[in-house]
Amino acid sequence: MRNTRTLTRRAVLAAVSVTAVFALAACGNDSDSSGAAGSDSSASSSASAGADATAGAHNAQDTSFAQGMIPHHQQALEMAKLAADRASSAQVKDLASRIEKAQDPEIKTMSGWLTSWGEDVPTSSDSAAESMPGMDHSGSGMPGMMDGSDMDELEKASGADFDTMFLTMMIDHHKGAVDMATTEKSKGEYQPATSMADDIVTAQTAEIAEMNKLLGKG
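Residues numbered from 1 in each chain as written. Predicted model: local features only at pLDDT ≥ 70, side-chain atom pairs only at ≥ 80, totals over all residues. Heavy atoms only, no water.

A.B. asks: Before we go on, may I ask you to explain the nonpolar core in this structure?
C.D. replies: The nonpolar side chains of a soluble globular protein tend to be buried with one another. Phe65, Met69, Met79, Met110, Trp113, Phe162 and Phe166 are the most contacted members of the largest nonpolar core, which has 44 residues in total. Breaking this core down by element, the ones donating at least two residues are helix H2 (60-86), helix H3 (90-117), helix H5 (148-156), helix H6 (159-187) and helix H7 (191-214). Those residues within four positions of Phe166 in sequence are excluded, and the remaining contacts are Met79, Ala80, Val92, Leu95, Ala96 and Leu154. (Core = buried A, V, L, I, M, F, W, Y, C linked by side-chain atoms within 4.5 Å. Buried < 20%, exposed > 50% of the residue type's maximum accessible area, 1.4 Å probe, protein only. Helix = DSSP H or I, 4+ residues; strand = E, 2+ residues; numbered from the N terminus. Contact = heavy atoms within 4.5 Å.)

As C-alpha cells, this is what we get:
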C-alpha cells in the first residue's frame, strides 16, 4: 500500500509540474504575441498617419489646378456628348465615349478635394474659365478652352465636317490640359493631384497622337 501511495503522489506532482510549465510558456507566448501585435499596430498607425499627412498637404497650385481643370474637363464632356449623334466616324464616337468615361470621374474627384480644402468648386466652364487666376486670359481664359462661337459651330456641324472639327478642337483642348497638368506635376504638393496630373499627361498625349492619326496627320 505504501508503495502504491508513493507512486500515486509522485505521478500527481509530476502532472502538476508539467501543467505549470505549459501555463508559464503560454503566458510568455501571449506576452510576446501581444507585444509584437502592439508593435505592428503602432508601426502601421505611424505609417498611415505619415501617408495622410503627406497626401493632405496642398498649396495654391493644387487649388488652381483643380479649379482650372474642372471647367476644362466639363467643356471636353460637352464636346464629347455632341459626338453621339453628330459624328459619322465610329472611331470618333469611340474616342468621345472614352473621354467621357475618363474625365467625368476626375471632375468628381477634384470637386471633392476643393470641398475638403474649403475652396470654391467651379460650377460652369464659362464662369470659371474667366475667373481663374494665373491663366492666360486671352480668348476663353485658359489653355485649349473653346469660346462660345467655337462651341456653337461644333454644335451645328454634323457628319464628316463634325468629325474634322471635333478632332481639331479636341487636339487643342488636350494640349491645353497637358500644359496645365505639366505645371501641376512640377509645382503642386498634393500627391493625389500630382498623380492625376501625370495620368492626364500620359492619357491625353496618347489621345492627341490618335486624333492626329484620324486626321491623317500622324
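A.B. asks: Honestly, a negative patch on the surface in this entry has me stumped. Any pointers?
C.D. replies: On the surface, Asp147, Asp152, Glu153 and Glu155 cluster together to form a negatively charged patch. Relative to the assigned elements, Asp152 resides in helix H5. A relative accessible area of 42% places Asp152 in the partly exposed class. (Patch = residues over 30% accessible without salt bridge, like charges linked within 9 Å, V, L, I, M, F, W, Y side chains within 5 Å. Areas by Shrake-Rupley, 256 points an atom, 1.4 Å probe, with all protein chains shown as cover. Salt bridge = Lys/Arg side-chain N within 4 Å of Asp/Glu carboxyl O. Lys, Arg positive; Asp, Glu negative; His and termini not counted. Charge placed at Lys NZ, Arg CZ, Asp CG, Glu CD.)

A.B. asks: Sorry, what's going on with the side chain of His72 here?
C.D. replies: Within the secondary structure, His72 is located in helix H2. A residue is classified by how much of its surface remains accessible, and His72, at 1% relative accessible area, is buried. In terms of polar contacts, His72 uses its side chain to reach the backbone carbonyl oxygen of Pro143, at 2.6 Å. Ignoring anything within four residues of it in the chain, the contact list for His72 reads Met142, Pro143, Gly144, Met145, His173, Gly176, Ala177 and Met180. (Polar contact = N/O pair within 3.5 Å; in protein donor to acceptor, adjacent residues only side chain to side chain.)

A.B. asks: Before we go on, may I ask you to explain the pattern of salt bridges in this structure?
C.D. replies: Side-chain pairs of opposite charge can arise whenever the charged atoms involved come near each other. The final tally for this structure, using the stated rule, is 5 salt bridges. With a shortest N-O distance of 3.0 Å, Arg98 and Asp94 are connected by a salt bridge. One end of the pair, Arg98, and the other, Asp94, are both in helix H3, 4 residues apart, so they sit about a helical turn from each other. A salt bridge links Asp104 to Lys108, with the shortest nitrogen-to-oxygen separation between them at 2.8 Å. With Asp104 and Lys108 both in helix H3, this residue pair falls 4 residues apart, about one helical turn. Overall, Asp104 belongs to the partly exposed group, its relative accessible area being 31%.

A.B. asks: Would you take a moment to explain the side chain of Asp62 for this structure?
C.D. replies: Structurally, the position occupied by Asp62 is in helix H2. For the buried residue Asp62, which engages in no salt bridge, the nearest side chain bearing the opposite charge is Lys187, 12 Å off. One polar contact links the side chain of Asp62 to the main-chain amide nitrogen of Asn59, over a distance of 2.8 Å. For Asp62, the side chain forms a polar contact with the main-chain nitrogen of Tyr190, separated by 2.9 Å. Residues in contact with Asp62, not counting those within four places in the same chain, are Ala57, Trp117, Glu184, Gly188, Glu189, Tyr190 and Ala193.

A.B. asks: For this particular structure, what's the right way to read the environment of Ala157?
C.D. replies: When you line up the elements, Ala157 lands in the loop between H5 and H6. With relative accessibility at 11%, the residue Ala157 sits in the buried group. Sequence separation between Ala157 and Ala87 is 70 residues, and the spatial gap between their C-alpha atoms is 8.8 Å.

A.B. asks: Would you take a moment to explain the packing of H2 against H5 for this structure?
C.D. replies: Each pair of packed helices can be summarised by the angle the axes make with each other and by the distance between the axes. Where H2 contacts H5, the two axes come as close as 10 Å, and the packing angle between them is 15 degrees. Considering the angle they form, H2 stands roughly parallel to H5. You can see that H2 and H5 cross each other, and the crossing is left-handed. Contact residues: Gln75, Glu78, Met79, Leu82 and Arg86 in H2; Met151, Leu154 and Glu155 in H5. Class assignment of the residues belonging to the contact of H2 with H5 gives a composition of 4 nonpolar, 1 polar and 3 charged. (Axes fitted to C-alpha atoms, helices over the stretch in contact; angles between N-to-C directions. Parallel < 35°, antiparallel > 145°, perpendicular 65-115°, else oblique. Left-handed = near helix turned anticlockwise from the far one by under 90°. Nonpolar A, V, L, I, M, F, W, Y, C, P; charged D, E, K, R; others polar.)

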